[in-house]
Each structure stands twice: as C-alpha cells, then as structure tokens.
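Residue-level listing of the chains:
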Amino acid sequence: MQPPPSLPAQLYLLAYDLERDRMYRSPHLGRALRAAAATELYRAGLLTDENGRVKPVAPRAEHRPHAEGRPGQPAAPGQRRTPTADELCAQLIGEVGASSRHRSWKHWVNKNQRTAGRVVRDQLEAGRWIRVERRRILGMIPATSVTVRDRAMVRRLHREVKQVLHGGPAGRADPGPASLAALLAAGQIGAMKSGRARRALKGRLALLEPVAGPAVPALRAAVREAQTAESAGAAG
C-alpha cells in the first residue's frame, strides 16, 4: 500500500505506535496536523507569509501540493492532486480565505485544533489506511481505537524521517520527510516527545525547519504556550 499523499495524513500515521499497536499519547496532535496542512499549502504556493501573517494566494493551474517540490514551485509533470483532495487542507484554506484580516500562523495552528484529528482520521479510514473501532465505555462514554492496516508502509514513513534526521546535507533533503521531521519535533509527537531527543537533534532540526516553512516555529510556539497555560492551571 502506498502512503496517503498529504502531509497531515502522513503525520497522523507517524503518530501511531507500532510497538504497542495504538496511537501515541500526543496532546498536541491536533495543532501539529493543522501545522502540517499549513505547511502543505505553503509548499504548494497557496499560502504565503506576509510579515509573520498568513495570506492566501489565488491558485493557478501550475500550483499543486507535491512530494518533492519546494514552496511555490510548480507540480511535477502529471501530478493531479489538488489541496482540496485533503480534507484538513481544504478546511484550512477555506478558513483563511474567509477571514476578514490576515492572522498569524500560530492563530491558524490553534484554530479548530480539537477537531483536526477526527477530520484526518475519518479521511484515512475512508481511504482504508486505518481501521477505527468505535465503542462506549460503561455503555456511556464514547471511545475509539485506531489500527493501521499496513504496518510496513508506516515503517517506511518512519524510516524516511529517520534518514532525513541523520542523513546528508539538509538543503538536499526530501522536503516531505524533512517537513514531517520538523513537525514531529515541534509537536512533540512519538519519539520526539522526549526533550532529550529533541535537544540531541537541535542543530539538525534547525536546518530542516526552513524546508518546512513558517508553520513549524508557529507550532512550537503554540505548544509552548499551551504547556505554560496547563502548568499555570495546575499550579492554581
């Protein structure tokens, strides 16, 4: 099975713990998925940065999200996928386009982050990349469990990210895995939840971040802000 083509969908699969056959506990997954959608649209040239704020760009025929291009470059020959083929990307670009003013990347990373996981999960389920079991605990509390259908495909995604983190010059890294690596670290997902792991790769991640674009530092700031608010609430 081929992996799903969009960054949000791939990021969701990378948040799956293959050893325990369940999703990692990732409190900031929704924010990371929103940042992945913003990154996809930025790389496609459909969102741009204007003094730290997100500005939509009118789509042109040559602009398509793609696996190996740089932000704003035309799609590879024969590439047909559009941003709206991904539900979360379609939702995000609709929100940005409907906004009365240009807002920060962090604003869009935080907005509707609580529902982002469900949007991506449902799309992956419909595409048969995952199975979702829905049940009720004690007959009352709704709960879901996710199982990936192709473990080898998810391993390949993990391997590609690992190669980028430990591979050759960051400037020559495949933008897809490079963006995923940066998003995983900023969102503190999976192995990147460990502060020690992030510190060990700090220099490499700093080189990969520009490949992904401005949504990654916005994600990191949003996560830090949420953690600070949580700590303040616990202390109070």
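Since we're looking at a predicted model, the values are computed, not measured.

A. Representation of the environment of Leu47 in the model. Here Leu47 lies in strand β3 (residues 47-50). Residue Leu47 is classed as buried on the basis of its relative accessible area, which comes to 3%. With sequence-adjacent residues up to four places away left out, Leu47 is seen in contact with Ala38, Leu41, Tyr42, Val54, Lys55, Pro56, Val57, Ile93, Val96 and Trp105.

B. Structural detail: helix α5 (residues 113-126). Helix length check: α5 (14 residues) gives 21 Å between terminal C-alpha atoms against 20 Å at 1.5 Å per residue, within 8%. Those residues of α5 that fall on the buried side of the exposure criterion are Gln113, Ala116, Gly117, Val119, Val120, Arg121 and Leu124. In the segment just after α5, Arg128 is the residue with positive phi, at about 65°.

C. Structural context of the pairing of strand β4 (residues 53-56). Relative to β4, β3 is paired through four bridges, and the arrangement is antiparallel. Within the sheet, the bridge partner assigned to Asp49 lies in β4 and is Val54. As consecutive antiparallel partners, β3 and β4 are separated by two residues, and within that stretch Asn51 has a phi angle of approximately 55°, a positive value.

D. Here's a closer look at the environment of Glu133. Its place among the elements puts Glu133 in strand β5 (residues 130-137). Overall, Glu133 belongs to the partly exposed group, its relative accessible area being 47%. Along the sequence, Glu133 and Thr144 sit eleven residues apart, while their C-alpha atoms lie 5.4 Å from each other. With residues near it in sequence (within four places) discarded, Glu133 still touches Ala143, Thr144 and Ser145.

Rules and cut-offs
Residue positions are given per chain, counted from 1 along the sequence in the order it is written. Totals for whole chains, interfaces and linings use every residue, but because this is a predicted model, local features are given only for residues with pLDDT of at least 70 and side-chain atom pairs only at 80 or more, for both listing and counting. Side-chain metrics rest on all non-hydrogen atoms present in the structure, leaving aside hydrogens and water. Numbered from the N terminus, helices here are DSSP runs of H or I no shorter than four residues, and strands are runs of E no shorter than two. Partly exposed describes any residue whose relative accessible area lies between the buried limit of under 20% and the exposed limit of over 50%, with all areas from a 1.4 Å probe on protein chains only and scaled to the type maximum. Between two residues, a contact is recorded if the distance between any of their heavy atoms is within 4.5 Å. For a helix, the expected span equals 1.5 Å multiplied by the number of residues minus one. Any two strands are treated as partners once DSSP identifies two or more bridges connecting them.

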